[in-house]
Amino acid sequence: MSRRTSPPRTRKRKVSAALTYAVLIGFSVIVLFPFVVAFSTSLKAPADVYNYPPTLIPRAPATVEVTGFDEPAPLLDLEIDGETVEVALVEDGVSAGVYAPVATPDDESTYLLLDDDDFVGSGERMAVLVNGREREREIGTATYEDESIEVVRVRSTTAARFVVPDDPTVEYFGLPSDGEPVKTTSLRTENFGEVLELQRLDRALTNSILVTLLVVFGQVFTSVLGGYAFARLRFKGRDQIFMMYLGSIMIPFVVLIVPLHQLMVSMGWINGIVSLIVPFIFSAYGTFLMRQFFLSIPRSLEEAALIDGASRWTILWRIMVPLSRPPIAALSAFAFLYAWNSFLWPVLTISLGNEENRVLTLALQVLGGRAGDNPHLVLAGVMIAIVPPVLAFIAAQRHFVEGVAAQGMKG
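Residues numbered from 1 in each chain as written. Predicted model: local features only at pLDDT ≥ 70, side-chain atom pairs only at ≥ 80, totals over all residues. Heavy atoms only, no water.

**Considering unusual backbone geometry**
- In this structure, the amide linkage connecting Tyr52 to the following residue, Pro53, adopts the cis form with an omega of 0 degrees.
- Note on placement: Pro53 falls in the loop between helix 2 (46-49) and strand 1 (59-61).
- With phi around 70 degrees, Asn271 is a residue other than glycine that occupies positive phi space. (Helix = DSSP H or I, 4+ residues; strand = E, 2+ residues; numbered from the N terminus.)

**A word on the layout of surface pockets**
- The computed volume of the largest pocket comes to approximately 850 Å³.
- As for the largest pocket, its lining consists of 24 residues, of which Leu113, Tyr144, Glu171, Tyr172 and Phe173 are closest to the centre.
- Mapped by element, the contributors of at least two residues to the lining of the largest pocket are strand 3 (73-80), strand 5 (112-115), strand 7 (133-144), strand 8 (147-164) and strand 9 (167-174).
- Here the lining of the largest pocket is composed, by residue class, of twelve nonpolar, three polar and nine charged.
- Approximately 710 Å³ is the volume attributed to the second largest pocket.
- Where the lining of the second largest pocket is concerned, the elements lending two or more residues are helix 6 (253-267), helix 8 (284-296) and helix 11 (325-341).
- With six residues, the single largest contributor to the lining of the second largest pocket is helix 6. (1 Å grid on protein atoms, 1.4 Å probe; cavity = no way out; pocket = protein on both sides within 12 Å on 5 of 7 lines; lining within 4 Å. Points joined across faces, edges and corners; volume = space filled by probe spheres on them. Nonpolar A, V, L, I, M, F, W, Y, C, P; charged D, E, K, R; others polar.)

**Notes on a negative patch on the surface**
- Together, Asp81, Glu83, Glu145, Asp146 and Glu147 line one region of the surface with negative charge.
- Topologically, Asp146 is positioned in the loop between strand 7 and strand 8. (Patch = residues over 30% accessible without salt bridge, like charges linked within 9 Å, V, L, I, M, F, W, Y side chains within 5 Å. Areas by Shrake-Rupley, 256 points an atom, 1.4 Å probe, with all protein chains shown as cover. Salt bridge = Lys/Arg side-chain N within 4 Å of Asp/Glu carboxyl O. Lys, Arg positive; Asp, Glu negative; His and termini not counted. Charge placed at Lys NZ, Arg CZ, Asp CG, Glu CD.)

**Regarding the side chain of Lys44**
- As for its placement among the helices and strands, Lys44 is situated in the loop between helix 1 (8-42) and helix 2.
- From its side chain, Lys44 meets the backbone oxygen of Thr55 in a polar contact 2.6 Å long.
- Residue contacts for Lys44: discarding those within four places in its chain leaves Val49, Thr55, Pro58, Arg188, Asn191 and His376. (Polar contact = N/O pair within 3.5 Å; in protein donor to acceptor, adjacent residues only side chain to side chain. Contact = heavy atoms within 4.5 Å.)

What follows is the structure, given as structure tokens:
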């Protein structure tokens, strides 16, 4: 009975596909890792941000309800007789003392931390080394692990009282640092509400949404009108005007900053939201995009509508625009990202102290300076800024890809 094997070419294709997926997954992890770290940190408690080693999953110290206590007590792992026991820290700063067995008064390894109430002095004293000096200290008896032992009181200190959460009558006595805090997964969503109130980020978010929507609507509207005029209407100098308008794409924005800024000052729009909208509702790229798509639509559709008595305005909005959803979606996505992420122009026209007209990029700049020691709040603000463009892309993903692909093939 012969055994069937895969042809060498098939195996080679499988290996090639596996390597391709491995490389793509590797790059995806590299690209997404900063986003994951930012999202994780935005949900962490302040004390968890600087923990070492750092973790991606937000964690916070656990607390537990203990019978007889009003407030939840911190839960700790305490090592007792070689075993780790979960205990609740119910009282801190308890008056205590460091005691040494009378047989080994100068051996610090035998020192015991005991509650002063458990010590009964005898009135006798003996010499003990305290910080390298010989001191006279009282001798007495103390209860330790249910046994009475003879000890000498070395010095006073404060301690903590631990109890077993299920049985508060079982108590342990020690230093607060003796226990290791128990941590549980905790998503601190309060960070988002706190950062919205801080620096009036909610106002900046509203301004950004308003500016972005108006810029997107303005660019689409003017691009549709301009694209249709350059594609279908005949007028003197049409092609020359179009080439001049298209050539404006080659002018760097930094060259336009000074004259544009002077124009805003002369019109009294500086430090106002209108200065972030009006200069950007005209787009040579958008006009070019729409013109090229309108040219691809058969003229027979337009001629049939003209014969039926439709006006140019009716043809544009009833025939051409419904057929142009892919390029409009692509243009909207590009305009949305540009308006939402714009930083240079807002920082030149809007004062950082103008909280009423400040947009999100400026607010994040201020937040990064004033809350630099609270990275969880800064990254919570960053996540708030990321969410709208991500949602917009998900909503228009199909039209966006279709529009870019269609324009790429035609180009």
